[in-house]
Amino acid sequence: MDYIPVTIKGCSVQILEGKAVSVARRAKIAALSAEFKVKAGRPPGLAVILVGDDPASHVYVANKIKACHETGIRSTEQKLPTGTTAQHLREVIEELNADPLVDGILLQLPLPKHLKGDEAITWISPGKDADCLTPQNLGRLWSGRALTTPCTPWGVMVILEHYNIDVAGKNAVVIGRSNIVGKPMAHLLSQANATVTVCHSKTKDLREHTLRADIVVVAAGQPEFLGKGDFKKDGVVVDVGIHRKTLPNGKSKLCGDVRLKELEGIIRAGTPVPGGVGPMTITMLMENTVKLANGHL
Ligand code: GUN
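Residues numbered from 1 in each chain as written. Predicted model: local features only at pLDDT ≥ 70, side-chain atom pairs only at ≥ 80, totals over all residues. Heavy atoms only, no water.

## Observations concerning the packing of helix H1 (residues 18-40) against helix H6 (residues 151-162)
The cut-off we apply is this: To get an axis, fit a line to the C-alpha atoms, keeping to the stretch in contact for a helix; angles then go from 0 to 180 degrees between the N-to-C directions. Only DSSP runs of H or I covering at least 4 residues are called helices, and only runs of E covering at least 2 are called strands; the numbering of each starts at the N terminus. Here the word oblique covers every angle except those under 35 degrees (roughly parallel), over 145 (roughly antiparallel) and from 65 to 115 (roughly perpendicular). Contacts were defined at the residue level, with two residues in contact if any of their heavy atoms lie within 4.5 Å.
Two numbers describe how H1 lies on H6: the axes approach to 10 Å, and their chain directions differ by 95 degrees. Accordingly, the angle class assigned to the pair H1 and H6 is roughly perpendicular. Contacts between H1 and H6 pair Gly18, Val21 and Arg25 from the former with Trp154, Val158, Ile159 and His162 from the latter.

See below:
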């Protein structure tokens, strides 16, 4: 697929359209899913667990269920109240671990404050870990024997590959060191032969690192945190952030960690928010589910 060079205020920046990459990839996943159905006599299955009433999580989960429909994956949804006990959540997960129609389990994070996400993840059977978040699967990933791949970092790699952005030998900076994005992102970039620096909230001079980087993946979790003056000429910027920002007129819109519009004439390519990394995260979740399903044949 050709990229669409989008002109921002008269200067061309290559917009890395995760949404378009996603559409093409979902069509391939739907074909793999149909193939599985022929072999197994049932579709691949994803169980989604959502605890509490975080509005953003409800939107993400609805998008995941919609993607299941698009790709021929059977989805089930367990919506649990905010006051759910750890014991009950564990029972729900263990029931899904034992369900032969469920190939992948996704526990939407964050959990309400009284529950520990890190602990709850360990209750998911590694063979059904659609997010690649269990300690076993992260260990497998580090040792090159992954059953699945963390969805957001994998989606970033697929976008870079799709647009022929060469990673080997490049200086890559990852901002953020979470288990879900930053750490596996650094690993995947390093596996693709980039020289990787991980920056975080205690990094002394962040700009010193970002200005030297050929590729910057920003997962800082801070709305519109970086912009003009932070990136190298002709660099590539991937924005993993997604935030809802209230405008002066009272309406709201989504924004990322990066002020992309300021980067005209500076960077070579960047991902938009929305429509960049977000759709890819969901697409890779579908691909992980089909992979797990094939492992259950
Ligand atoms: N919350 C925000 N992103 C994600 C994700 O990729 N997986 C899960 N389980 N929870 C999330």
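## A closer look at the site of the ligand
The condition is simple: Distances are taken per atom, and a residue is near a molecule or strand as soon as one of its heavy atoms is within 4 Å of it. Contacts described as polar in this section are N or O atom pairs within 3.5 Å, which, within protein, must combine one atom able to donate a hydrogen with one able to accept it, while residues neighboring in sequence count only if both atoms come from side chains. Throughout, the Shrake-Rupley method with a 1.4 Å probe supplies accessible areas, and for residues the shown protein chains are the sole cover considered. All residues other than Ala, Val, Leu, Ile, Met, Phe, Trp, Tyr, Cys, Pro, Asp, Glu, Lys and Arg, Gly among them, are scored as polar; the first ten of these are nonpolar and the last four charged.
The immediate surroundings of the ligand are formed by Lys64, Leu106, Leu107, Gln108, Leu109, Asp131, Ile180 and Thr281. The contact in question runs from a nitrogen atom of the ligand to an N or O atom on the backbone of Leu107, over 2.8 Å. A distance of 2.5 Å is found between a nitrogen atom of the ligand and a side-chain nitrogen or oxygen belonging to Asp131. Considering the ligand on its own, with 280 Å² of exposed area, one finds that the protein chains cover 80% of that surface. Of the residues in the shell around the ligand, the class split is four nonpolar, two polar and two charged.

## Structural notes on helix H5 (residues 135-142)
Stated precisely, the cut-off is as follows: The buried label applies to any residue whose accessible area, calculated with a 1.4 Å probe on protein chains only, is under 20% of its type's maximum; exposed applies above 50%, and partly exposed to all values in between. The directions from the helix axis to the C-beta atoms form the arc being described.
Those residues of H5 lying buried are Asn137, Leu138 and Leu141. Down the axis of H5, the buried set is contained in an arc of 100 degrees. They therefore lie on one face. In the core, the buried residues of H5 are packed alongside helix H7 (182-191). Once H5 ends, the next one or two residues include Gly144, with phi positive near 75 degrees.

## Examining the confidence of the model for the chain
Here is the rule we go by: For every residue, the pLDDT score states the predictor's confidence, bounded by 0 at the bottom and 100 at the top.
Scored by pLDDT, the chain comes out at a mean of 95, with 96% of its residues at no less than 70. For residues 1-11, every residue scores under 50 in pLDDT, and the model assigns this stretch 23 contacts once sequence neighbours within four places are set aside.

## Let's talk about the environment of His162
Along the chain, His162 turns up in helix H6. As for His162 and His243, which are separated by 81 residues in sequence, their C-alpha atoms are 26 Å apart.

## A look at the pairing of strand S10 (residues 243-246)
To keep things clear, this is the line we draw: Two strands form a pair only when DSSP identifies at least two bridges running between them.
As defined by bridge partners, S10 adjoins strand S11 (residues 252-255) across four bridges and the pair is classed as antiparallel. Bridged to Arg244 within S11 is Leu254. Once S10 ends, the chain turns through five residues before running back antiparallel as S11, passing Gly250 with a positive phi of about 90 degrees.

## Structural notes on the side chain of Lys128
This is how it is decided: Only four residue types enter the charge count: Lys and Arg as positive, Asp and Glu as negative, with His and the chain ends excluded. Every case where a carboxyl oxygen of Asp or Glu lies within 4 Å of a side-chain nitrogen of Lys or Arg is listed as a salt bridge.
With respect to the helices and strands, the residue Lys128 is situated in the loop between helix H4 (117-121) and H5. Among buried charged residues, Lys128 stands out as having no salt bridge; its nearest opposite-charge side chain is Asp99, 5.9 Å away. Look past the residues within four positions of Lys128 in its chain and what remains in contact with it is Leu96, Asn97, Ala98, Asp99, Val102, Asp103, Gly104, Ile105, Leu292 and His296.

## Observations regarding the layout of surface pockets
Using the following cut-off: Points on a 1 Å grid over protein atoms alone make up a cavity when a 1.4 Å probe fits among them but cannot get out, and a pocket when they form an open set with protein on both sides within 12 Å along at least five of seven lines; lining residues each have an atom within 4 Å of a point. Grid points are joined across faces, edges and corners, and a volume is the space filled by probe spheres set on the points.
Here the second largest pocket defines a volume of roughly 290 Å³. Lys253, Val258, Leu260, Lys261 and Val273 are, among the 16 residues lining the second largest pocket, the residues nearest its centre. Broken down by element, the residue count for the lining of the second largest pocket peaks at three residues, all from S11.

## Re the side chain of Arg42
Within the element layout of this structure, Arg42 appears in the loop between H1 and strand S3 (45-51). Here Arg42 falls in the buried class, since its relative accessible area comes to 16%. Among the polar contacts made by the side chain of Arg42, one reaches the side chain of Asp103 at a distance of 2.9 Å. Residues contacting Arg42, with those up to four places away along its chain left out, are Phe36, Lys37, Pro100, Leu101, Asp103 and His296.

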